Amino acid sequence: MIESERHKLMLDVLKDRPFASVRDLQSVVDASPATIRRDIAKLHAAGSVRKVFGGIAVAEQPSPFDPVTARPFTENQMLGVAAKKAIAQEAAGLVHDGDALIIHGGSTCYLFALLLADRNVRIYTNSMPLAATLWQNGTCHLTLAGGELYREPGIVFAPQASQPEFYASKFFMGAQAITANGMHESHPLVARETAQLLQRADEVIVLADSRKFGLRARNPIMPLTRIGTLITDEGISEVNHRMLTEAGIRVIIARPIPEIP
C-alpha cells in the first residue's frame, strides 16, 4: 500500500471518532507501527491531524488564546462521555476501603463518585448533583459542604464560613483549563472553594480529559507542582504529557473499554 492510500485511510478513521490509537490504525492500514508513526508525523506537519499521545486526533481545536467560560453541569455531562467514564474507572482504582476523600464538583468527578456509592469510604463534597445522587443511591458515608446553593456550577458555598473540619488522604477534582502555569477556573467561587479544600487534603488527583489542555480561564487555582496524579484520555498531546511529567506529576492514560454489543 502506497503512502497516499495509507494517509487517506487514516484520515477516514477520524470521520467517525475524535481519536485513533496506533493500534486502531493498524487494523485498517497494512503497515508496521513504525511506518504508521512516520505517517502520523507527516500528517501532523501538514496540519491534517494532531499528533497526540499514542495516536492521532482531529485537527480542529479551540484556540488556546481564547478565554473559556464554564458550561452548565447538565451540558458538560453530554460531552466526551466515553473518555470521562474511562477516567472515572481509573480513578476508582486508586481508592481503598476506609479512605477519606474530598470530591469536587464537575461531570467527570460525578461519574467517578457514582462508582464509590456503595464503597466503604468517607466522602466530603460541595457538589449538589453528586450529593443528591449519593443520598438516593449510595451507602457510603457522606459529608456535605454548608452554605448557599449556587445553581451554576452546582456547588454549595458559604463565603464567610470557616474551613471544613474534614481531612482527606485524596482530593479528587476536575479541571476547566490546564496550562504550564497551572490549573485555572472561570468561576471565582470554584477557585475560592478549591483553595480552601486544598489545605484539607494530602494528595491532589485531577480528572481531566484532553480537551482541557491549553485552554485559559481567568482565576488561577494552583500550580502544576501541587498535583500528585492526573488522569486523562488518549487524546493528550505529547507536548502536554511531557509538561506534566516534567512537573513531577504521575500521569495515567485512561483507555475506554470497548462496549460489548
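Above this text sits the structure in question.
Everything in this summary refers to the structure shown in the same document. (Residues numbered from 1 in each chain as written. Predicted model: local features only at pLDDT ≥ 70, side-chain atom pairs only at ≥ 80, totals over all residues. Heavy atoms only, no water.)

**Thoughts on the environment of Ile87**
Inspection of the secondary structure assignment puts Ile87 in helix 5 (residues 81-92). For the pair Ile87 and Pro256, spaced 169 residues apart in the sequence, the C-alpha separation amounts to 8.2 Å. Filtering out sequence-adjacent residues up to four positions away, Ile87 remains in contact with Thr108, Leu207, Ala208, Asp209, Ile231, Thr232, Asp233 and Ala254. (Helix = DSSP H or I, 4+ residues; strand = E, 2+ residues; numbered from the N terminus. Contact = heavy atoms within 4.5 Å.)

**Brief notes about the sheet that holds strand 12 (residues 201-207)**
With parallel pairing, the 7 strands of this open sheet are ordered in space as 6-5-4-9-12-14-15. This sheet does not close on itself; its edge strands, each paired only once, are strand 6 (141-144) and strand 15 (250-254). Averaged over all neighbouring strand pairs, the angle between strand axes comes to 20 degrees, with direction disregarded. Across 3 bridges, strand 4 (residues 100-103) lies against strand 9 (residues 168-173) in parallel orientation. By the bridge assignment for strand 9, Ile102 is matched with Phe171. (Pairing = 2+ DSSP bridges. Axes fitted to C-alpha atoms, helices over the stretch in contact; angles between N-to-C directions.)

**Overview of the packing of helix 6 (residues 107-114) against helix 7 (residues 128-137)**
In contact at an axis separation of 10 Å, helix 6 and helix 7 are set at 15 degrees when each is read in the N-to-C sense. Taken together, the axes of helix 6 and helix 7 lie roughly parallel to each other. Classified by chirality, the crossing of helix 7 by helix 6 is right-handed. Where helix 6 abuts helix 7, its residues Tyr110, Ala113 and Leu114 lie against Pro129, Leu130, Thr133 and Leu134. Residue composition of the contact of helix 6 with helix 7, by class: 6 nonpolar, 1 polar and no charged. (Parallel < 35°, antiparallel > 145°, perpendicular 65-115°, else oblique. Left-handed = near helix turned anticlockwise from the far one by under 90°. Nonpolar A, V, L, I, M, F, W, Y, C, P; charged D, E, K, R; others polar.)

**Observations regarding the sheet that holds strand 10 (residues 177-179)**
Reading across the sheet, the 3 strands line up as 10-11-13 and stay open at both edges, with antiparallel pairing between neighbours. At either end of the open sheet lies a strand with only one pairing partner, and these are strand 10 and strand 13 (219-222). Adjacent strand axes in the sheet meet at a mean angle of 35 degrees when their direction is disregarded. Sheet analysis places strand 11 (residues 182-185) next to strand 13, joined by 3 bridges and oriented antiparallel. What sits directly across from His184, in strand 13, is Pro220.

**Quick word on helix 7**
Residues Leu130, Ala131, Thr133 and Leu134 constitute the buried set of helix 7. Buried positions in helix 7, seen along its axis, are confined to an arc of 165 degrees and lie on one side of it. In helix 7, those exposed residues whose orientation departs by more than 90 degrees from the buried face are Trp135 and Gln136. The inward-facing, buried residues of helix 7 contact strand 4, helix 6, strand 5 (122-125) and strand 6. The N-cap of helix 7, judged by a side-chain oxygen 3.2 Å from the amide nitrogen of Leu130 a few residues on, is Ser127. (Buried < 20%, exposed > 50% of the residue type's maximum accessible area, 1.4 Å probe, protein only. Arc of directions from axis to C-beta. Polar contact = N/O pair within 3.5 Å; in protein donor to acceptor, adjacent residues only side chain to side chain.)

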